[in-house]
Amino acid sequence: MLTQKDIGHVVYDDCRFLGLPIYLTDNLPDGEVVSQEEMVKPRVVIRPKFVSNDKTYFNDCTVEVNIVFPDIDGECDPRLSDYYPKALKELDDDKCGRCGVDFYRYHVERHCVEADRDLSCHYANITLLFEILNVRR
């Protein structure tokens, strides 16, 4: 059975094509946040949520992928418009694979661009539905 951490690493590897620093939330010790120096740089933040274990054929997990760009003079960084469609295209190809003995598939469930005025940034939020095959030979 894949864990949250395993799922996070699968998505982490699939987001490397963006060429931005990637933060997997379970890599940060409790209470630690991204440093102030890192907050002013573009980045990808991946947050896998809990994994179900009660489904018949596919257990599932929701994974939030956020592509974050700090604002420029209070406005959205235009580079976000370049990265967002590339990420959608790459992540929404109904990815299938194998991690250890487990087979998985995932696709984009929903997506949007949002602003965070407190952090002075805009981000593309891409929600993935990650499914793990729950059948053994």
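This text goes with the structure placed above it.
Cut-offs used in this document
Residues numbered from 1 in each chain as written. Predicted model: local features only at pLDDT ≥ 70, side-chain atom pairs only at ≥ 80, totals over all residues. Heavy atoms only, no water. Pairing = 2+ DSSP bridges. Helix = DSSP H or I, 4+ residues; strand = E, 2+ residues; numbered from the N terminus. Salt bridge = Lys/Arg side-chain N within 4 Å of Asp/Glu carboxyl O. Buried < 20%, exposed > 50% of the residue type's maximum accessible area, 1.4 Å probe, protein only. Polar contact = N/O pair within 3.5 Å; in protein donor to acceptor, adjacent residues only side chain to side chain. Expected span 1.5 Å × (residues − 1). Arc of directions from axis to C-beta. Contact = heavy atoms within 4.5 Å. Phe/Tyr/Trp six-rings, centres within 6.5 Å; stacked < 30°, edge-to-face > 60°. Lys NZ or Arg CZ within 6 Å of the ring centre and 35° of its normal.

**Q** Provide a residue-level description of the pairing of strand S5 (residues 102-116), including the pertinent values.
**A** Pairing between strand S4 (residues 95-99) and S5: 5 bridges, direction antiparallel. Note that in S5 the partner of Cys99 across the bridge is Asp102. Across 12 bridges, S5 lies against strand S6 (residues 121-133) in antiparallel orientation. By the bridge assignment for S6, Val113 is matched with Ala124.

**Q** An account of the pattern of salt bridges is requested, with residue identities and associated values reported.
**A** All told, the structure shown has 7 salt bridges when counted by the stated rule. With a closest N to O distance of 3.8 Å, Asp71 and Arg117 form a salt bridge. In this pair, Asp71 sits in the loop between strand S3 (58-70) and helix H3 (80-91) while Arg117 sits in the loop between S5 and S6, placing the two residues 46 residues apart along the sequence. For Asp71, a relative accessible area of 16% translates into the label buried. Judged by its relative accessible area of 57%, Arg117 is exposed. Between Lys95 and Glu90 there is a salt bridge, with the nearest N and O atoms lying 3.0 Å from each other. Residue class for Glu90 comes out partly exposed when judged on its relative accessible area of 30%.

**Q** I'd like a rundown of the side chain of Asn125, residues and numbers included.
**A** Along the chain, Asn125 falls in strand S6. Within the structure, Asn125 has its side chain in polar contact with the side chain of Glu64 (distance 2.8 Å). Side chain to side chain, Asn125 and Thr127 meet in a polar contact 3.3 Å long.

**Q** Describe H3, with residues and values.
**A** A rise of 1.5 Å per residue sets the reference length of H3, with its 12 residues, at 16 Å; its end C-alpha atoms lie 16 Å apart and thus fit the reference within 8%. Buried within H3 we find Leu80, Tyr84, Ala87, Leu88 and Leu91. Projected onto a plane normal to the axis of H3, the buried residues spread over an arc of 100° and lie on a single side. Facing away from the buried side of H3 by more than 90 degrees, the exposed set consists of Lys86 and Lys89. Close packing links the buried residues of H3 with helix H1 (4-14), S3, S4, S5 and S6.

**Q** Describe in detail the packing of aromatic side chains, supporting the description with residues and values.
**A** In this description, a pair of aromatic rings is defined by centroid distance and the angle of the planes. In this structure the tally under the stated criterion is 3 aromatic pairs. Judged by centre distance (5.3 Å) and plane angle (45°), the rings of Phe69 and Tyr83 are tilted. Highlighted residues: Phe69 in strand S3 and Tyr83 in helix H3, separated in sequence by 14 residues. Residue Phe69 is classed as buried on the basis of its relative accessible area, which comes to 1%. For the pair Tyr104 and Phe130, a centre-to-centre distance of 5.0 Å together with 20° between the ring planes defines the contact as stacked. Of this pair, Tyr104 sits in strand S5 while Phe130 sits in strand S6, placing them 26 residues apart in sequence. For the pair Tyr104 and Phe130, one class covers both residues: buried. Chaining the aromatic ring pairs together yields one cluster made of Tyr104, Tyr106 and Phe130. Its end group placed over the ring of Phe58, Arg105 keeps NZ or CZ at 3.9 Å from the ring centre.

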